[in-house]
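# What the coordinates show
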Amino acid sequence: MKLVFLFVLATVFHWAFASGFSLWGMGVNMMLVFAVAFCAVLKPVCGYPAAFVCGLFLDFFGTKLFGNNAFTFTVAACVVYGLSERFDFDGIFPQMLTVFGLTFLVGALNSVLIWWFASAVVWPGLWSLLGGAVVSALLAPGVFWLVRRTLGKGAVCRQI
């Protein structure tokens, strides 16, 4: 139930930040920040589906290629689990660095997938992507704290 609550909260945050920062031309992807936080806190058996559902949510409301966000968020989850042995996601700097880097990875991978399957290019622009990555990275520690605080130590899928 707590994970469902966090997902609903993620959708509200995504809508608010995407709408608010679009006035300045920035693409802030709060669903990605929450997906990364889910993967950093939860075991892979729960983290991968959470990341996939976060991406799938964006696919249902997007006008681009259906399924591209679900795929790229799952790839981002693979990166987070690959980094989990090297990074301490309790620290603020690894959280911010991971979200910043994955924002670029997801943006580039989405553009390649759209180009590959739809023969079209949808590139938000470097400054939009960079601005969104910076804002997302700055908001990441708060999201990580919220996810850890809400799921607590008693969560079934919580990582050790």
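The notes below deal with the structure included here. It should be emphasised that the depicted structure is a prediction, and the values quoted were computed from it without experimental measurement. (Residues numbered from 1 in each chain as written. Predicted model: local features only at pLDDT ≥ 70, side-chain atom pairs only at ≥ 80, totals over all residues. Heavy atoms only, no water.)

## A look at the overall build of the protein chain
Put simply, the rule is: Numbering of helices and strands starts at the N terminus; helices are DSSP runs of H or I of at least 4 residues and strands are runs of E of at least 2. Note on exposure labels: buried denotes an accessible area under 20% of the residue type's maximum, exposed denotes more than 50%, and partly exposed covers the range between, all computed with a 1.4 Å probe on protein chains only. Residues count as neighbours in contact if any of their non-hydrogen atoms are within 4.5 Å of one another. Note that accessible areas follow from Shrake-Rupley with a 1.4 Å probe, and for residues the cover is restricted to the protein chains shown.
Assigned secondary structure in the protein chain consists of six helices and zero strands. For the protein chain, the N- to C-terminal ordering of α and β elements is α-α-α-α-α-α. The proportion of buried residues among the 160 residues of the protein chain is 44%. Residue pairs in contact within the protein chain that sit at least 24 positions apart in sequence constitute 70% of those at least 6 positions apart. If you sum the accessible surface of the protein chain, you get close to 8500 Å²; carbon and sulfur atoms cover 74% of it.

## A word on the packing of aromatic side chains
Basically, it comes down to this: Centres within 6.5 Å are what make two rings of Phe, Tyr or Trp a pair, Trp counting through its six-membered ring; a difference in plane orientation under 30 degrees is then read as stacked, over 60 as edge-to-face, and the rest as tilted.
Applying the stated criterion across every chain, the model contains six aromatic pairs. When the ring of Phe7 is compared with that of Phe57, the centres are 5.7 Å apart and the planes differ by 85°; the resulting orientation is edge-to-face. Placement of the pair is Phe7 in helix H1 (residues 2–22) and Phe57 in helix H3 (residues 44–61), with a sequence separation of 50 residues. By relative accessible area, Phe57 is classed as partly exposed at 22%.

## Things to note about the pattern of salt bridges
Which entries qualify depends on this criterion: Between Lys or Arg on one side and Asp or Glu on the other, a salt bridge is scored when a side-chain nitrogen of the former is within 4 Å of a carboxyl oxygen of the latter.
On inspection of all chains with the given rule, the structure shows one salt bridge. Across the salt bridge formed by Asp90 and Arg148, the nearest N and O atoms sit 3.0 Å from each other. Of this pair, Asp90 sits in the loop between helix H4 (68–83) and helix H5 (92–118) while Arg148 is found in helix H6 (residues 126–151), placing the two residues 58 residues apart along the sequence.

## Notes on the side chain of Thr103
To keep things clear, this is the line we draw: Each polar contact in these results corresponds to two N or O atoms within 3.5 Å; when the atoms are within protein, one needs to be able to donate a hydrogen and the other to accept it, and residues that are neighboring in sequence are counted only if both atoms are side-chain atoms.
Summarising the element assignment, Thr103 is placed in helix H5. A distance of 2.7 Å separates the side chain of Thr103 from the backbone oxygen of Val99, its partner in a polar contact. Those residues in contact with Thr103 that lie beyond four places of it in its chain are Leu32, Leu129, Ala133 and Ser136.

## Some words on a nonpolar patch on the surface
To keep it simple, the criterion reads: For patches, a residue must show more than 30% relative accessible area and have no salt bridge; joins then use 9 Å for like charges and 5 Å for nonpolar side chains, namely Val, Leu, Ile, Met, Phe, Trp and Tyr.
Among the surface-exposed residues, Val112, Trp115, Trp116, Phe117 and Val121 lie close enough to one another that they form a single nonpolar patch of about 640 Å² accessible area. A residue is classified by how much of its surface remains accessible, and Phe117, at 54% relative accessible area, is exposed.

## Side note on H5
The criterion, for reference: To estimate the expected span of a helix, count its residues, drop one, and scale the result by 1.5 Å.
If you check H5, its first and last C-alpha atoms are 38 Å apart, about what 27 residues at 1.5 Å a residue would give, namely 39 Å. Three or more residues of H5 are buried, namely Pro94, Gln95, Thr98, Val99, Leu102, Thr103, Val106, Gly107, Asn110, Ser111, Leu113 and Ile114. Looking at the buried positions of H5, the neighbouring elements they touch are helix H2 (30–41), H4 and H6. Downstream of H5 by one or two residues, Ser119 has phi in the positive range, about 55°.

## Thoughts on the nonpolar core
Taken as a class, soluble globular proteins show a tendency for nonpolar side chains to be buried jointly. The cut-off we apply is this: Grouping buried Ala, Val, Leu, Ile, Met, Phe, Trp, Tyr and Cys residues that are joined through side-chain atoms within 4.5 Å yields what is termed a nonpolar core.
In this structure, Phe34, Val36, Phe38, Phe73, Val143, Phe144 and Val147 are the most contacted members of the largest nonpolar core, which totals 38 residues. Of all the elements, H2 adds the most residues to this core, at 12 residues. Those residues in contact with Val143 that sit more than four places away from it in its chain are Met30, Val33, Phe34 and Ala37.

## What about the packing of H2 against H6?
Selection rule: Lines are fitted to the C-alpha atoms to define the axes, a helix being fitted only along its stretch in contact, and any angle between axes, read from their N-to-C directions, falls within 0 to 180 degrees. Any angle that falls under 35 degrees is termed roughly parallel, while one over 145 is termed roughly antiparallel, one within 65 to 115 roughly perpendicular, and all others oblique. Whether a crossing is left-handed or right-handed is set by the direction in which the near helix is turned from the far one by less than a right angle, anticlockwise for left-handed and clockwise for right-handed. The nonpolar class holds Ala, Val, Leu, Ile, Met, Phe, Trp, Tyr, Cys and Pro. Asp, Glu, Lys and Arg form the charged class, and all remaining residues, Gly among them, are polar.
Where H2 meets H6, the closest approach of the two axes is 9 Å, and the angle between their N-to-C directions is 45°. Taken together, the axes of H2 and H6 are oblique relative to one another. H6 is crossed by H2, and the crossing has right-handed handedness. Contacts from Met30, Val33, Phe34, Val36, Ala37, Phe38, Ala40 and Val41 in H2 reach Ser136, Leu139, Ala140, Val143, Phe144, Leu146, Val147, Arg148 and Leu151 in H6. Taken together, the residues that form the contact of H2 with H6 break down as 15 nonpolar, one polar and one charged.

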